[in-house]
Amino acid sequence: MDSILKSKTKTPQTNIQIEDDRTGMSPETLKRAFLDNLFYLQGINQTDATLYDYYVALAYTVRDRLLHRFLKTVETYKQEKVKLVSYFSAEFLMGRYLGNNLINLGMYEQTRQIIEDLGLDFDEILEQEPDPGLGNGGLGRLAACFLDSLASLEIPAIGYGIRYEFGIFHQMIRDGWQVEIPDNWLRFGNPWELPRPDETVEIMLGGHTEMGHNELGHPKAVWIPARTVLAIPYDTPVPGYQTNTVNPLRLWKAEASESFNFDAFNAGQYDQAVAEKMDAETISKVLYPNDNTPAGRELRLEQQYFFVSASLQDLIRIHLRTHDSLDDFHEKVAVQLNDTHPAVAVAELMRLLIDKHNYSWNHAWDITQKTLSYTNHTLMPEALERWSAGLFGRLLPRHLEIIYEINQRFLDNVRTWFPGDDRLTTSLSLIEEGDEKQIRMANLACVGSHAINGVAALHTDLLKKDTLKDFAKLWPEKFYNKTNGVTPRRWILLSNQELSTLITEKIGDGWLKNLDEMRKLEAFIEDAKFRQRWQEIKQNNKRSLAAYILKHRNIQIDPNSLFDVQVKRIHEYKRQHLAVLGIIAFYNRIKQNPGLDIVPRTFIFGGKAAPGYFLAKLVIKLINSVAEVVNNDPDVRGRLKVVFLPNFNVSLGQRIYPAADLSEQVSTAGKEASGTGNMKFAMNGALTIGTLDGANIEIREEAGAENFFLFGLTAEEVYRRKAEGYNPMDYYHGNGELRGVIDRISSGHFSHGNGGLFSPIVDPLMSHDPYMLMADFQSYVEAQDAVSEAYRDQDRWTRMSILNSARMGKFSSDRTIREYCNEIWGVKPVKINIEDYNPASLS
Ligand SMILES: *Cc1c(COP(=O)(O)O)cnc(C)c1O
């Protein structure tokens, strides 16, 4: 069967006629470029080359083929003075580049062929690439999917973020506990990035403000910083799928302004001279490993301001290269703030316009609001970012002044619109009064933006009704819903190649650019041979995951069992512990009745816990403790297996999502903003067991209620039950199976008799149970029983699986990006023509 990854006809033409040109696509040219890179660029003989050396040589070979498209893209944007989307995100969880870039350039199969002709293992070479983990989870991965869609839709765009030297930690498991290992991903260099030191930007920090004068003699504030650092841009080219568009991902590295303090050096204090250099570089040293919990640390605020200021200065410089003034800045730049991490952009753009470019307050405010838009990612009040005004003012004294002024002008308006409504002004204020004043970054982002969006229908609804209700009352027209999506190129084509080939065989390859075309698969549902192929492919994916688990965890799992999977960051609201209660319920049933006929299951968990989040780390320990007992109990043999896969990341996700039968999306209703893992699972033919939360609701709507295992309270019910006074002990006393599960944990059965080990998890369940596991337990177990029943009928299951995949068109990030383009950014596709562009002629 011909793999669709070959798709030679769709390869964007290279225009290069000279057959021996170094960026040609013919097998001979590719092979020669690959071996030339190994020898001339890396200085390594084929006889001595390691697999990693081969990976680097191949990466350079691919990068060379991106570069003329990249330069032509940037040149076209400049010449045509296009409007540019700039996506500001503290995180970009990109995943490995090599395989994805080969796919987007249309040269995946050709490259596999030449590598195999050289007697090398292509898949093993792809495995050499370190996973660039510059993000925590869903938020960072969303940014990465968006960049793929932007380039694939030919939208002029740039991603701005931080080039962390250490990404998300590497997770190991020792004695069942998470251990964090630093992720030194740049140790052996990074072939994908291009440093651009000539575009360095200076960032000011600390100090104080004074009154001075501008060139016209008018009084103006002057910021006298205590120190400055340099922001050095590193560009990674991001190609679209079968387009000539290659957009930049521009990540900033911090360096000292002077590599050396000469005064200190001359005074003989060499150590101090070097210490200042190290201090500056700390800013881009490490990603904060928190997901959905803000870190109130000064360094974190430094990171946020560092990349926001560098990026805005960069955009202004780019604009002024082709325009006379910044008057039309907002017509040429749309800045999207990915959560509040870059919200200081509101104050920074005001500062740059007023202090540096002499704009009046009102004019600067108009440009700022029209430029910025804000995506909210959470409803949980404890996850909303706040900075103490003291800390903020010590680092950014001028910005604190600007924020106070924004607030004063804003609240003056509110008071005239709603006289006497003190509750309203208090709630809308950018400042939270109290022992210590706090700056509310979400409020700052709302006031400074022309558009505010949630990331799933329910989430946007609850934002308007609850978290941001007063802003929604003030400016209903500013609110949008933009349900998240994921890129089908990485999450189906690259990760599930066999399934992709089958789909294309049946419906052609249009689905890769228009995922709605997957609906055409429904026409084949009565075709028994098609259903059999569908099932076989799932089985192959399960076998290959089983082989991986055997190799890396030395655990044998049965590919014929139901793969029941929960992979995502570990969080109480995501309720991994609810799934554990479900496993123990099954276990107890078998213990009570060892002859019980149940559907054999393998429970697979993966996910990192924030290093300071004790309860999340204890949940990992609980999973591993239950695994140890269940996997070794002779009564259970062949029926239940529990596996925790360490270090869940994008690469591991690419193996796991395609191998899942069942996707666990069990968050407390109203807590998960959207989820995107839920979409990746369903696209790859997993069925979902889930609550009416985030995008689960829309997934169920699309797939059909009969193809989704629903359980649990609704967001509305959760809210109401809490208001009425919720007593979880009613469930403990009223439900024998639940009591059996809880007592099993408390007895120390999973902790070598130490009944107290898991009491930090169990005790809250019995007292206030903030995430309502006790209330949802019965309904969850019933849904799991329905899953088992459905799985016994393999033909019925396969039909449901096909329908899930076929109906996920809505969750392509292409659809999400089109909506942002049309409704929020006001940008249109721009064709990149490379026919007249011959890099050889430049020499
Ligand atoms: C998709 C993805 C996530 C988000 O998963 P959710 O289930 O939506 O929380 C997190 N981490 C990685 C590595 C992912 O690929």
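So, here is what we can say about the structure in this document. (Residues numbered from 1 in each chain as written. Predicted model: local features only at pLDDT ≥ 70, side-chain atom pairs only at ≥ 80, totals over all residues. Heavy atoms only, no water.)

**Re the packing of helix α21 (residues 528-553) against helix α32 (residues 794-806)**
In the contact formed by α21 and α32, the axes pass within 10 Å of each other and the chain directions differ by 85°. When the interaxial angle is binned, α21 and α32 end up roughly perpendicular. Along the contact surface, α21 presents F530, R531, W534 and Q535, while α32 presents Q794, D795, T798, R799, S801, I802 and S805. Within the contact of α21 with α32, the residues separate by chemical class into 3 nonpolar, 5 polar and 3 charged. (Axes fitted to C-alpha atoms, helices over the stretch in contact; angles between N-to-C directions. Helix = DSSP H or I, 4+ residues; strand = E, 2+ residues; numbered from the N terminus. Parallel < 35°, antiparallel > 145°, perpendicular 65-115°, else oblique. Contact = heavy atoms within 4.5 Å. Nonpolar A, V, L, I, M, F, W, Y, C, P; charged D, E, K, R; others polar.)

**Quick word on helix α22 (residues 576-592)**
The end-to-end C-alpha distance of α22 is 25 Å, a good match for the 24 Å that 17 residues give at a rise of 1.5 Å each. In terms of residue burial, α22 counts as a mostly covered element, since 14 of its 17 residues are buried. (Expected span 1.5 Å × (residues − 1). Buried < 20%, exposed > 50% of the residue type's maximum accessible area, 1.4 Å probe, protein only.)

**Quick notes on the packing of aromatic side chains**
In total, this model carries 27 aromatic pairs according to the counting rule given. A centroid spacing of 5.6 Å and a plane angle of 80° characterise the contact between F88 and Y160, whose relative ring orientation is edge-to-face. You can see F88 sitting in strand β1 (residues 84-88) and its partner Y160 sitting in strand β2 (residues 157-162), a full 72 residues away along the chain. Taking relative accessible area as the criterion, Y160 reaches 0% and is therefore assigned buried. A centroid spacing of 5.3 Å and a plane angle of 90° characterise the contact between Y108 and F122, whose relative ring orientation is edge-to-face. (Phe/Tyr/Trp six-rings, centres within 6.5 Å; stacked < 30°, edge-to-face > 60°.)

**Some details on the environment of L84**
Its location among the elements puts L84 in strand β1. By relative accessible area, L84 is classed as buried at 14%. L84 sits 44 residues away from Y40 along the chain, and the two C-alpha atoms are 38 Å apart. In contact with L84, not counting residues within four places along its chain, are Y77, P156, A157, I158, L315, K332, V333 and A334.

**Observations concerning the layout of surface pockets**
One number sums up the size of the second largest pocket: a volume of about 880 Å³. In terms of lining, the second largest pocket is formed by 31 residues, of which the most central are L379, L462, D466, T467 and Y719. At the level of elements, α15 (422-428), α16 (441-448), α17 (457-467), α18 (469-474) and α27 (715-724) are the ones that each hand at least two residues to the lining of the second largest pocket. Here the residues of the lining of the second largest pocket sort into 15 nonpolar, 4 polar and 12 charged. (1 Å grid on protein atoms, 1.4 Å probe; cavity = no way out; pocket = protein on both sides within 12 Å on 5 of 7 lines; lining within 4 Å. Points joined across faces, edges and corners; volume = space filled by probe spheres on them.)

**Some remarks on the environment of E672**
Note on placement: E672 falls in the loop between β21 (662-665) and α25 (677-683). For the pair E672 and H377, spaced 295 residues apart in the sequence, the C-alpha separation amounts to 8.9 Å. For E672, the residues in contact, after removing those within four places along its chain, are K568, Y573, K574, S667, D693 and G694.

**Side note on unusual backbone geometry**
Here Q242, not a glycine, exhibits a phi torsion of approximately 55°, which is positive. Structurally, Q242 is set in the loop between β9 (227-239) and β10 (246-256). A positive phi angle, close to 55°, is found at M772, a residue other than glycine. The class of M772 is buried, set by a relative accessible area of 0%.

**So, the site of the ligand**
Neighbouring the ligand are 14 residues; K568, K574, T676, G677 and K680 lie closest to it. Here an oxygen atom of the ligand sits 2.8 Å away from a polar atom, N or O, in the main chain of T676. Here an oxygen atom of the ligand sits 2.6 Å away from a polar atom, N or O, in the side chain of K680. The fraction of the free accessible surface of the ligand (390 Å²) that becomes covered by protein chains is 96%. (Near = heavy atom within 4 Å. Polar contact = N/O pair within 3.5 Å; in protein donor to acceptor, adjacent residues only side chain to side chain. Areas by Shrake-Rupley, 256 points an atom, 1.4 Å probe, with all protein chains shown as cover.)

**As for the side chain of T340**
Note on placement: T340 falls in the loop between β11 (333-338) and α11 (345-356). Polar contacts involving the side chain of T340 include one to the side chain of E385, which spans 2.8 Å. When residues no more than four places from it in sequence are discounted, the contact partners of T340 are Y374, E385, M441 and A442.

**A short note on the pairing of strand β20 (residues 640-645)**
With 5 of its 6 residues buried, β20 lies for the most part within the structure. Alignment of strand β19 (residues 601-606) against β20, held across 6 bridges, turns out to be parallel. By the bridge assignment, F603 is partnered in β20 with V642. Crossover handedness for the path β19 to helix α23 (residues 614-632) to β20: right-handed. (Pairing = 2+ DSSP bridges. Right-handed = clockwise from strand over helix to strand, strands pointing away.)

**Focus on the packing of α22 against helix α29 (residues 736-746)**
In contact at an axis separation of 9 Å, α22 and α29 are set at 100° when each is read in the N-to-C sense. It follows from the interaxial angle that α22 and α29 lie roughly perpendicular. Residues L581, I584, A585, Y587, N588, R589 and K591 of α22 form the contact with α29, whose participating residues are E737, G740, V741, R744 and I745. The class makeup of the residues in the contact of α22 with α29 is 6 nonpolar, 2 polar and 4 charged.

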